[in-house]
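Breakdown of the fold
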Amino acid sequence: MEIEEEQGAPVFPPVKPSEVQALQHIAVKIPKHRMTPLKDHWMEIYQPIVEHLKLQIRFNTSTSSVEIRTSPEFTTDVGSLQKAADFVKAFSLGFEVADSLAMLRMEDIFIESFAVEDVKTLQGDSMARAVGRIAGKDGKTKFTIENATRTRIVLADKKIHIMGTFQNIKVARDAICSLILGSPPGKVYGKLRVQSARLREAF
């Protein structure tokens, strides 16, 4: 393996599958409620993984998992395997394919997941009201948080998944936690405007 020098520091080229003793593989479990969307969008998931990342992919019906592995002939970077797994995982959590593709294209995009009960212990109607406050009428509150923080949010029953940069996820999570704890949406919007302005200035 050749090592290039860049400003006095060694720069290592991507590891090729031929330099790895065995083929690498990852399996991503798909929940039942995402099976139909997976079938509907299979080609949109298949193409970037096979054509761009040069990996192999299949759906294992016995384990309900998407299995991804390197190809000894075509894969040029085994690091692509984790990117592909993150992409499929994002889709399995409920993100749209177009949003999930950010996991392939950008290095600084992450997903943070937490439960409403991690913030406040709620049951029955109280839980439903808390989730309703996060969504807002016709999804308005969720969209407002997404637009202000440049994130994408999935509300999956009692679980919340946020996709974005580390800093933007923190701002979005703080807003969601405030809503769960009972803060009025108007107050949360005001705080979001201030924080999003700071994020733009920092950017």
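Structure report, in brief. (Residues numbered from 1 in each chain as written. Predicted model: local features only at pLDDT ≥ 70, side-chain atom pairs only at ≥ 80, totals over all residues. Heavy atoms only, no water.)

1. Remarks on helix H7 (residues 124-135)
Think of an α-helix as turning once every 3.6 residues; residues three or four places apart then point the same way. With 12 residues, H7 ought to run about 16 Å at 1.5 Å a step, and its terminal C-alpha atoms sit 17 Å apart, in line with that. Three or more residues of H7 are buried, namely Met127, Ala130 and Ile134. Buried residues of H7, seen end-on, are gathered within an arc of 60 degrees and therefore sit on one face of the element. Exposed positions of H7 whose direction lies more than 90 degrees from the buried face are Gly124 and Asp125. One or two residues past the end of H7 sits Gly136, with phi positive at roughly 80 degrees. (Helix = DSSP H or I, 4+ residues; strand = E, 2+ residues; numbered from the N terminus. Expected span 1.5 Å × (residues − 1). Buried < 20%, exposed > 50% of the residue type's maximum accessible area, 1.4 Å probe, protein only. Arc of directions from axis to C-beta.)

2. Quick word on the packing of aromatic side chains
Counted under the stated rule, the structure contains one aromatic pair. On the basis of an interplanar angle of 40 degrees and a centroid distance of 6.5 Å, the ring pair of Trp42 and Tyr46 is categorised as tilted. Of the two residues, Trp42 and Tyr46 are both situated in helix H2 (residues 42-52); the distance of four residues between them amounts to about one turn of the helix. The ring of Phe91 has Arg34 lying over it, and the distance from NZ or CZ to the ring centre is 4.4 Å. Stacked on the ring of Phe114, the Lys or Arg Arg173 has its end atom at 4.1 Å from the ring centre. (Phe/Tyr/Trp six-rings, centres within 6.5 Å; stacked < 30°, edge-to-face > 60°. Lys NZ or Arg CZ within 6 Å of the ring centre and 35° of its normal.)

3. Focus on the nonpolar core
With 28 residues, the main nonpolar core has Ile45, Ile49, Ile68, Phe87 and Val88 as its most contacted residues. When contributions to this core are tallied by element, the ones reaching two or more residues are helix H1 (35-40), H2, strand E4 (55-60), strand E5 (65-70), helix H3 (80-93) and helix H5 (102-105). Of the residues forming this core, the biggest block, eight residues, is contributed by H3. Setting aside residues up to four positions removed in sequence, Phe87 forms contacts with Glu44, Ile45, Pro48, Ile49, Val97, Ser100, Leu101, Met103 and Leu104. The next biggest cluster of nonpolar side chains, apart from the first, holds 20 residues, and it includes Phe114, Met127, Ala130 and Leu192. (Core = buried A, V, L, I, M, F, W, Y, C linked by side-chain atoms within 4.5 Å. Contact = heavy atoms within 4.5 Å.)

4. Comments concerning the environment of Ile45
Looking at where Ile45 falls in the secondary structure, it is placed in helix H2. Residues Ile45 and Ala98 lie 53 residues apart in sequence; the distance between their C-alpha atoms is 9.7 Å. The contacts of Ile45, once residues within four sequence positions are left out, are Leu38, Ile57, Phe87, Val88, Phe91 and Val97.

5. Considerations on the side chain of Arg34
Residue position: Arg34 is located in the loop between strand E3 (25-29) and H1. For the buried Arg34, which has no salt bridge, the nearest side chain bearing the opposite charge is Glu96, at an N-O separation of 6.2 Å. Leaving out residues up to four positions away in the same chain, Arg34 has contacts with Phe91, Ser92, Gly94 and Phe95. (Lys, Arg positive; Asp, Glu negative; His and termini not counted. Salt bridge = Lys/Arg side-chain N within 4 Å of Asp/Glu carboxyl O.)

Read these as spatial facts, not as claims about activity.
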